[in-house]
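Here is how the chains run, residue by residue.
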Amino acid sequence: MARLAGSSKLLRAMNESAALELLLEPGNLTRADLRKLTALSTPTISEVLRRLTEAGLVDVVGHASGRPGPNAEVYAANPDAAYAVAISVRDVGTSGTPSVVAALCDLTGTVRARFEARVDFLGADPVAVVSDVAGRLCVQADVEAGLIRHVQLGVPGSYDPRTDTIRLVDVPGFDRPGLRSAIAAELGTDVGVDNDVNLAAVAERRRGAGQDAENFALLWIGQDGLGLAIDINGTLLRGTRGGAGEIGYVPLYSPDSPHRKLDLQDLFGGAAIMDLARDNGVGGDTPAEVAAAAAAGGVEEFVHTLADRIVVGLAAVTAILDPYLVVLAGPIAQAGGDTLLGAVNDAFRRAAPLESSFAVTAIDDDAVLVGALDAGLAAVREALITAIRDS
């Protein structure tokens, strides 16, 4: 009898979590809709909706008319049941861009608050900075801090979960061991940390060029740094210490000439792009401005040389991973657009016998922030569904 009771409890939790998932995506469903989608009986669906409504996770949002009999109640997830916060921390270098970009979304994914700011990390405690940013978002959105169920950090580095340490990061203070745990303790909620390029790939998978790809690699060409994200059937390859995709460190120098140490960053990173611009008479204060000016002005020598350099990195990516698709992303790829994409396609065909398809990112917003919101919201929803199953 105990086993039957346990099985009944588990089955009830599974039914509730399945219904909640459907109401989160796409939502606005009647009992009849849920019955059709879940193949559950009418009494079971009614009980599931009662429990979810009492838990504050689901609301009646209207009534469906035009059907025989009484108008059916329409249900949807309660957007205010929980919230996610996304914070993108940048190593701004010489780009002059805001060093922190943050947003807060509700359970349906609607962004309720967003802002960007410059932060002097040399004189600031990262824990205090993240706490202040989260607090500012709550005030802006008029949301109680206790309803924040997950904070997702995007960082220009690699997070090693085994040691709770962000590695290969140049933002002062962010390489402190235990930082994620300290932030979680300060905020009193779950905190996730991921590489910024990985989060850009999350956005690309959910709403960009990677939506229909079996797998893809995302090459990030930033104002200051390079990165690679590897998506395999919707799962990101992070590596043992979180360092998978740190392509900027790939060496190019010959072992016979150790004094000539070069890597991909030296070939088509931000500083290299500015040097190339000076050699070709292309104006612009940042690498993105330079790339945009060259693409718009038809400076073929600059565009073709940059494409040749990018293909050195792409040849390594395709030789090792053989991805279905490579997405060119980041400020430089966005600025170069289809002009740079066409040049990369031509250069790749000339340079290697390998094959791959290339596309420019389809995310016209801040891809890292959007991906952090997507990842944070997924974590919140998973936590709610797990709580239902475990209750």
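Residues numbered from 1 in each chain as written. Predicted model: local features only at pLDDT ≥ 70, side-chain atom pairs only at ≥ 80, totals over all residues. Heavy atoms only, no water.

In the nomenclature of an unreviewed UniProt entry, the protein is known as ROK family transcriptional regulator of Actinoplanes subglobosus. Within the UniProt record for the protein, the comment given under Sequence similarities (unreviewed entry) is "Belongs to the ROK (NagC/XylR) family." (UniProt positions renumbered as here; feature names shortened; annotations may be inferred.)

Q: Residue-level account of the sheet that holds strand β5 (residues 100–106), with values.
A: Spatial strand order, β6-β5-β4-β7-β10: five strands in an open sheet with mixed pairing. Of all strands in the sheet, those bounded by a partner on one side alone are β6 (111–117) and β10 (190–195). Neighbouring strand axes in the sheet, compared pairwise and without regard to direction, differ in orientation by 15° on average. Strand direction decides the pairing type here: strand β4 (residues 83–89) and β5, joined by seven bridges, are antiparallel. Residue pairing across strands places Ile87 opposite Ala102, the latter belonging to β5. (Pairing = 2+ DSSP bridges. Helix = DSSP H or I, 4+ residues; strand = E, 2+ residues; numbered from the N terminus. Axes fitted to C-alpha atoms, helices over the stretch in contact; angles between N-to-C directions.)

Q: Just give me the short version of the layout of surface pockets, but keep the residues and values in it.
A: Here the largest pocket is characterised by a volume of approximately 930 Å³. As for the largest pocket, its lining consists of 41 residues, of which Pro156, Asp196, Trp220, Gly222 and Gly225 are closest to the centre. Where the lining of the largest pocket is concerned, the elements lending two or more residues are β4, α6 (196–207), β12 (226–232), α11 (330–351) and α12 (367–390). In terms of residue class, the lining of the largest pocket is built from 14 nonpolar, 18 polar and nine charged. Asp194, Asn198, Val202, Leu236 and Arg238 are, among the 20 residues lining the second largest pocket, the residues nearest its centre. (1 Å grid on protein atoms, 1.4 Å probe; cavity = no way out; pocket = protein on both sides within 12 Å on 5 of 7 lines; lining within 4 Å. Points joined across faces, edges and corners; volume = space filled by probe spheres on them. Nonpolar A, V, L, I, M, F, W, Y, C, P; charged D, E, K, R; others polar.)

Q: Mind laying out helix α5 (residues 179–187), listing which residues take part and the relevant values?
A: Those residues of α5 not exposed but buried are Leu179, Ile183 and Ala184. In a view along the axis of α5, the buried residues occupy a sector of 135°, so they form one face of it. Just past α5, the residue Gly188 takes up positive phi, approximately 70°. (Buried < 20%, exposed > 50% of the residue type's maximum accessible area, 1.4 Å probe, protein only. Arc of directions from axis to C-beta.)

Q: Run through the nonpolar core, naming residues and quoting values.
A: With 50 residues, the main nonpolar core has Leu20, Leu52, Leu57, Leu218 and Trp220 as its most contacted residues. Here the element with the most residues in this core is α12; it accounts for 11 residues. Apart from the residues lying within four places of it in its own chain, the contact partners of Leu20 are Leu52, Leu57, Val58, Leu384, Ile385 and Ile388. Of all hydrophobic cores here, the second largest spans 38 residues; its members include Phe268, Ile273, Ala288 and Ala294. (Core = buried A, V, L, I, M, F, W, Y, C linked by side-chain atoms within 4.5 Å. Contact = heavy atoms within 4.5 Å.)

Q: Could you give me a rundown of the sheet that holds strand β14 (residues 325–329), with the residues and numbers involved?
A: Across the sheet, five strands lie side by side as β13-β12-β11-β14-β15; this open sheet has mixed pairing. Edge strands, defined here as strands with exactly one partner in the open sheet, are β13 (235–236) and β15 (357–360). By the bridge criterion, four bridges tie β14 to β15 in an arrangement that is parallel. What sits directly across from Leu328, in β15, is Val360.

Q: Quick rundown of empty space enclosed by the protein? Include the residues and the values.
A: Taken as a whole and assessed by the stated rule, the structure comprises one cavity of 30 Å³ or more. Here the largest cavity is characterised by a volume of approximately 40 Å³. Lining the largest cavity we find Ala291, Ala295, Phe302, Val303, Leu306, Gly336 and Leu340. For the lining of the largest cavity, the secondary-structure elements that each account for two or more residues are α9 (287–297), α10 (300–321) and α11. The element that contributes the greatest number of residues to the lining of the largest cavity is α10, accounting for three residues. Its residues assigned to classes, the lining of the largest cavity comprises six nonpolar, one polar and no charged.

Q: Tell me about the pairing of strand β7 (residues 148–155), and please be specific about residues and values.
A: By the criterion of burial, β7 is predominantly enclosed, with seven of the eight residues buried. Sheet topology note: the β4/β7 ladder contains six bridges and is parallel. Each bridged residue has a counterpart across the sheet, and for Ile87 the counterpart in β7 is Leu153. Pairing analysis gives six bridges linking β7 to β10, with the strands arranged parallel. Its bridge partner lying in β10, His150 is registered against Asp190.

Q: Outline the pattern of salt bridges, listing residues and values.
A: The final tally for this structure, using the stated rule, is 18 salt bridges. Between Asp275 and Arg278 there is a salt bridge whose closest N-O contact spans 2.2 Å. Residue Asp275 and its partner Arg278 are located together in helix α8 (residues 270–280), separated by three residues, close to a single helical turn. Given a relative accessible area of 58%, Arg278 falls into the exposed group. The residue Asp346 makes a salt bridge to Arg349 at a minimum N-O spacing of 2.5 Å. (Salt bridge = Lys/Arg side-chain N within 4 Å of Asp/Glu carboxyl O.)

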